[in-house]
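The residues making up each chain are set out below.
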Amino acid sequence: YLWIALPAAIGVWVEWWSADFTLIFAGWMPGAEFSIGAQGLLLNTASLLWVVFSATGSSSAIRVGHLVSSRDAHGIPVAIEAMVECAAMLSVLCAAAVQLSGSKIVQLYTTDSRFIHEAMKAK
């Protein structure tokens, strides 16, 4: 069990710690108050976008599981191809939304121009 669980746990821990380290480094920057706030806004946005791909992956696994249990050997490659295409389209859409509407996305969280300016410097 540990051979499977430990690497997965380490992956999750590294992801959490990387977010913590970026906040620490943001606190060392000039204008730390706004840097930390902007980093929090960016992490919230990244987490929101991550949920899109997490849900897509889960639904994809469920679909393939249903095809496997129904012994539909022809449907499995079709489903996988559709999932890969869906993930590619979602990637392009999310990247375009962030690039084209970055400041508007940040303005959903705050109207303080200092935080918005600091967050947009990450572009």
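Residues numbered from 1 in each chain as written. Predicted model: local features only at pLDDT ≥ 70, side-chain atom pairs only at ≥ 80, totals over all residues. Heavy atoms only, no water.

## A look at the side chain of Thr110
Then comes step 1: When you line up the elements, Thr110 lands in the loop between α3 (75–107) and α4 (113–120).
Then comes step 2: A distance of 3.1 Å separates the side chain of Thr110 from the backbone nitrogen of Asp112, its partner in a polar contact.
Then comes step 3: Other than its neighbours up to four places away in sequence, Thr110 contacts Leu41, Phe115 and Ile116. (Helix = DSSP H or I, 4+ residues; strand = E, 2+ residues; numbered from the N terminus. Polar contact = N/O pair within 3.5 Å; in protein donor to acceptor, adjacent residues only side chain to side chain. Contact = heavy atoms within 4.5 Å.)

## Observations regarding the packing of α3 against α4
Then comes step 1: Where α3 meets α4, the axes come as close as 10 Å, and the angle between the chain directions of the two elements is 145°. The two elements α3 and α4 cross, and the hand of that crossing is right-handed. Across the interface between the two elements, Gly102, Ser103, Val106 and Gln107 of α3 pack against Ile116, Ala119 and Met120 of α4.
Then comes step 2: Split by residue class, the contact of α3 with α4 holds four nonpolar, three polar and no charged. (Axes fitted to C-alpha atoms, helices over the stretch in contact; angles between N-to-C directions. Left-handed = near helix turned anticlockwise from the far one by under 90°. Nonpolar A, V, L, I, M, F, W, Y, C, P; charged D, E, K, R; others polar.)

## Here's the deal with the pattern of salt bridges
Then comes step 1: The final tally for this structure, using the stated rule, is two salt bridges.
Then comes step 2: Between Asp112 and Arg114 there is a salt bridge, with the nearest N and O atoms lying 3.0 Å from each other.
Then comes step 3: We note a salt bridge from Lys121 to Glu118, for which the minimum N-O separation is 3.4 Å.
Then comes step 4: Look at Glu118 and you get buried, because its relative accessible area is 15%. (Salt bridge = Lys/Arg side-chain N within 4 Å of Asp/Glu carboxyl O. Buried < 20%, exposed > 50% of the residue type's maximum accessible area, 1.4 Å probe, protein only.)

## Structural notes on the packing of aromatic side chains
Then comes step 1: Counted under the stated rule, the structure contains three aromatic pairs.
Then comes step 2: Ring geometry for Phe34 versus Phe115: centroids 5.1 Å apart, planes at 65°, classification edge-to-face. Here Phe115 lies in helix α4 and Phe34 lies in helix α2 (residues 32–69), a separation of 81 residues in the sequence.
Then comes step 3: Owing to a relative accessible area of 19%, Phe34 belongs among the buried residues under this scheme. (Phe/Tyr/Trp six-rings, centres within 6.5 Å; stacked < 30°, edge-to-face > 60°.)

## A word on the layout of surface pockets
Then comes step 1: Roughly 230 Å³ of volume is contained in the largest pocket.
Then comes step 2: Around the largest pocket, the lining is made up of 13 residues, and of these Leu42, Thr45, Val98, Val106 and Ala119 lie nearest the centre.
Then comes step 3: Counting only elements with at least two residues in the lining of the largest pocket, the list comes to α2, α3 and α4.
Then comes step 4: The biggest single contributor to the lining of the largest pocket is α3, with five residues. (1 Å grid on protein atoms, 1.4 Å probe; cavity = no way out; pocket = protein on both sides within 12 Å on 5 of 7 lines; lining within 4 Å. Points joined across faces, edges and corners; volume = space filled by probe spheres on them.)

## A few points about the environment of Gly65
Then comes step 1: Secondary-structure assignment places Gly65 in helix α2.
Then comes step 2: We classify Gly65 as partly exposed; its relative accessible area is 35%.
Then comes step 3: Spatially, the C-alpha atom of Gly65 lies 32 Å from that of Ala97, the residues being 32 residues apart in sequence.

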